[in-house]
Amino acid sequence: MEAKEKSPFGLAQTRMPLLVGAGALILYAVTLNHWARIESLPTLARVTGADTGPVVTAPLHYLVTYPFRWLPAGIQPIALNLLSAVFAALTLALLTRSVSLLPYDRTNDTRWLERNHFSLLSQPPAWLPAVFAALLCGLQLTFWEHATAMTGEMLDLLLFAYVARCVLEYRVGHREDWLYKMAFVYGLAITNNYAMIAFFPCFLIALIWIMEADFFRVQFLGRMIGAGAAGLLLYLVLPLVNMLAGDETTGFIAYLRAVVGTQKGMLLAFKPYVILLLSFTSLLPLTIIGIRWTGGLGDHSAAGAAMATIILRVVYAALLAACVSIFFEPKWSPRTLGFGFALLPFYYIAAMSAGYFVGYFLLVFSVKTAWPAPRQAAAPPPKIKPAGVVLIAAAAFCAVMLAKRNLLPIRFSNGSELGQLADFYVKTLPARPVYVIADKVGELVLAQLRLRKSGASADHVFVSSGLLQYRTYNVQLANRYGQRWPFRFEGAAGRGVLQPEFLTAMLVGLTRSNEVYYLNHSFGYFFESLQARPRGMTYSLQVLPDDPILPPRLTAQELDENQKFWQEVEPVLRRLPRPPENVPADWQWLRQIYSRALNTWATTLQQHDRVADATKWYELAVVVNPENLPAKVNLAFNTRLAAKDALKDLDPARAAEQLPRAYGGTEGYISIGGPFDDPAWLYRTAEEYMQANLFRQSLVAFDRLHKLFPANPAVDLWRRNMEIMTRFGLGDTANAEKQALALCLEHPREDSVLEALTQIYMMTARFSNALDSVDKQLALNPSNQRALLNKAAVCIHLQQFTNAIPPLDKLLSLVPDSAAALMNRAIAHLQCGNLDQAERDYEALRKTMPAYHPVYYGLGEIAYRRNDKASALSNYELYLKYGQRDSEEYQRIAERVKELQSGKGT
């Protein structure tokens, strides 16, 4: 009988992956998140039905998690998290198997020490490299977080790990079925994770490196492409799902473009330098591992070969240290450089590389030998040497340090604290059906998930204010809530993005006939007509009256009820555990929310003359989130406010000029930390509200400043100006104009007063009056940019096109890249028949605003007047591509395009 060929696989390749996977599953089950993480909220929202919007990412993740919709609401979160733990355990099992399949024939020494046909590590303990790699990866904080909460990242990494395993399995057995499996799974992985597109060249190079000329066989390539294409068919799933969801106005192709476009946008948004930095501890070591070094690197002398071996070992040691270091989160780790992205494949590759290097040193230090190693000498007997013991101890030390470092953050983010926040939201929402709105989807989902456990979520309507402007989102709300959300916007009214005025009217109508709650402190165009009155952690929306125009103050009963809520919540907030240094994203977000709410409540108390009561809440807001700038400056002002004489020498306007400009303005700070009450920051806030045409909110801020500084003329002037603009915005034109004229008599040389009057006249189409007012502004300051632009606009409305050009010329001499000035001058030149000058301005605009449809209207008109049919048709077609389809102008140009296409145009 023929002797049966001995299997090249040992414990490391057969049983160890199973043992590692089982151990990992136990670890992740014990440390499983009990409810949710921030990153898992989108999955939970989709599975539980809290999010009914279009699905444009991760089709495989959608299909895998879909059956969990049929589970009872109470166990859905933990069941999903357990599924993620299973994915993580399988990933580590694949990592263990992959590391054990890495070849140890890269150097002359290892070729002498490992002489089996497949060059697999056999020197005891051969299981150490694979186990070490699994420990590094499995105990890394980001991996652990996503292993214990269903975010979708673990599924993506499992696909990545399987593809890598297929390549290594082929290297050992040369079975092409592994490569066909790889191609199919890679296709699935691309549809689910845009990062796999970026990794495609790496896997392609690895295949060519292993297969060499065999890779270029036509039949093989055809099968690989076919298998990959079969996996890519998953791209069709989400468009079909969205079509079946009931939005018949959006076609299959449009949804497919949205799915692919989302991946493209995410891929292009990632910074290339980040990938370059991360490759030094992942792709670079793996590439060096793949190189098969010749003995002595071409030097045939013993000394040269020895020196080359020493250099290579130093390089391997440095790479091992670099790979291991990123698991302890230095500044060059994926967690630090990743801008919030998990980037788990980079950890996976680093763990593979670290495992290989450990195996290399285990092998080369297992026996003393001369350099270069004599090929004819017998290989050393397999037995654990002191080097193995040292490496086992080092691996155990790394594992213990990682576990010690990361176990506490994992315990911190077990879902209980997010659950507590959701309970606070639910506590302040009425049991009866209400409308619940939030700026951030995460906060909305938290409240909805908590209410869903009790079945109460079916009674409420949950709305994301950020998505409300999109017609499709309103269709989804209407499909879900029926007549409780009557806004479908069929036909032309629903095309494109809904205007702020229309959205405000929607919410005002809902608030008049229903109870509407906001989950967070907010600002913006909604709050020109609505007031958010605090109800603990939430805010009840009330329609603001037209007169008085200032929002009504809270009653003593409302203040006392809110104070009672915060006194009950205070012990919980003071017991918030101090987060570890490597704080999870949950805790940063959680503390921001609590601190913002505390700062908002303290400011409310302070503005209602309860300065002493506000102090405690400001202090707690700063304790909860020391980075909350509004809370910190408000606390400092609270101290000064308690000593009233400290305000006498303060000029808020002058102080505001010295403030740093960050986050794009004060609005960024307010979104994160809550409102300002410090005079300098409040003055800046009032200015930014005014510039955004949020006149009523600007008035509220200036009125607060006026109460603090009643003798300050600048504050009083702006307060009265904002009152005029607010009245005008409410439709009280007569009183607004009356107040503006009276203010002009008091301050005849004040530009801001004349500007308010100019705006009133322009908005009421009294252009002759507006021209008189704007001329007075220019008499005060001939370089007033706003007045120059307004004068040109008025002249254009009066069809005095020749008179519109000089102020625009002057404005463009001051601000050469002013798009508004270029557009108005182009219009004026076109109407005057100055086609060459108009064309120059339109062309200048096209360079900076290539998708701005009025540019193509103007260029089309110029070409049409010149009888240049081809150019006119080209520009008109671009206008139709970018223009507003529901406008009369659009319909007129569409008809002209038909005429030109048929040859009838003149």
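Structure first, text after, so check above.
Per chain, the residues get numbers from 1 upward, laid out in the order the sequence is written. Totals for whole chains, interfaces and linings use all residues, but because this is a predicted model, local features are given only for residues with pLDDT of at least 70 and pairs of side-chain atoms are given and counted only at 80 or more. Side-chain measures here rest on the full set of heavy atoms in the structure, leaving out hydrogens and waters.

S.K.: How should I be thinking about the overall build of the protein in this particular structure?
M.R.: Helix numbering and strand numbering both begin at the N terminus, where a helix is a DSSP run of H or I of at least 4 residues and a strand a DSSP run of E of at least 2. If you tally the helices and strands in the protein, you get 42 helices and 5 strands. Taken along the three principal axes of its C-alpha coordinates, the protein extends 115 × 75 × 60 Å. Three exposure classes are used, based on accessible area relative to the maximum for each residue type with a 1.4 Å probe and protein chains only: buried under 20%, partly exposed in between, and exposed over 50%. The 906 residues of the protein split such that 54% are buried. Any two residues whose heavy atoms approach within 4.5 Å at even a single point are treated as in contact. Considering only residue pairs separated by 6 or more positions, the protein has 68% of its internal contacts joining residues 24 or more positions apart. We get accessible surface area from the Shrake-Rupley algorithm with a probe of 1.4 Å; when it comes to residues, only the shown protein chains can shield them. Here the protein has roughly 40,800 Å² of accessible surface; of this, 60% comes from carbon and sulfur atoms. Positive charges come from Lys and Arg, negative ones from Asp and Glu, while His and the chain ends are left out of the count. We put the charge of a Lys on NZ, of an Arg on CZ, of an Asp on CG and of a Glu on CD. For the protein, the centre of its 86 positive side-chain charges and the centre of its 75 negative side-chain charges are spaced 8 Å apart.

S.K.: Before we go on, may I ask you to explain helix H39 (residues 835-848) in this structure?
M.R.: In an α-helix, one turn spans 3.6 residues, which is why side chains three or four residues apart end up on the same side. An expected span of 1.5 Å times one less than the residue number is assigned to each helix. Look at H39: 20 Å from first C-alpha to last across 14 residues, which is about the 20 Å you get at 1.5 Å a residue. All of the buried residues in H39 are Leu835, Ala838, Asp841, Tyr842 and Leu845. Around the axis of H39, the buried residues are gathered within 130° of arc, so they sit on the same side. Exposed positions of H39 whose direction lies more than 90 degrees from the buried face are Arg840, Lys847 and Thr848. Those residues of H39 that are buried lie in contact with helix H38 (819-832) and helix H40 (853-865). Think of the arc as the fan of directions from the helix axis to the C-beta atoms.

S.K.: I'm lost on the pairing of strand E4 (residues 530-535) in this one. Help?
M.R.: Both faces of the sheet carry side chains from a regular strand, because those side chains alternate between them. Of the strand pairs in this sheet, E4 and strand E5 (residues 538-543) are connected by 6 bridges, and their pairing is antiparallel. Bridge pairing in E5 links Gln531 to Gln542. Pairing between strands is defined by DSSP: at least two bridges between the two strands are required. From the end of E4 to the start of E5, which pair antiparallel, there are 2 residues, and Gly536 there has a positive phi angle of about 75°.

S.K.: Would you mind going over the sheet that holds E5 with me for this structure?
M.R.: Strand pairing in a sheet relies on backbone hydrogen bonds. The paired strands run either parallel or antiparallel. Strand order in the open sheet formed by 5 strands is E2-E1-E3-E5-E4, and the pairing between neighbours is mixed. A single partner strand is all that each edge strand has here, and the edge strands are strand E2 (461-464) and E4. Averaged over all pairs of adjacent strands, the angle between their axes in this sheet comes to 30°, without regard to strand direction. The pairing of strand E1 (residues 435-438) with E2 spans 4 bridges and is parallel. Note that in E2 the partner of Tyr435 across the bridge is Val461. Relative to E5, helix H23 (residues 500-513) is tilted by about 95°, and along the sheet it contacts E1, strand E3 (516-518), E4 and E5. Only the stretch in contact is used when a helix axis is fitted, and all axes are lines through C-alpha atoms; the angle between N-to-C directions ranges over 0 to 180 degrees.

S.K.: Looking at this structure, I do not really get the nonpolar core. What am I missing?
M.R.: Inside soluble globular proteins, nonpolar side chains tend to come together where they are buried. Counting 197 residues, the largest nonpolar core has Phe143, Leu468, Trp485, Met537 and Trp566 as its most contacted members. Here this core takes 17 residues from helix H18 (residues 344-364), the largest share from any one element. Contacts of Trp566, omitting those with residues within four sequence positions, involve Gly536, Met537, Leu573, Ala597, Leu598, Trp601 and Trp617. Among the buried residues, those of types Ala, Val, Leu, Ile, Met, Phe, Trp, Tyr and Cys that are joined through side-chain atoms within 4.5 Å form a nonpolar core. Core analysis: the next-biggest nonpolar cluster, separate from the first, contains 44 residues, Phe728, Cys744, Val774 and Leu812 among them.

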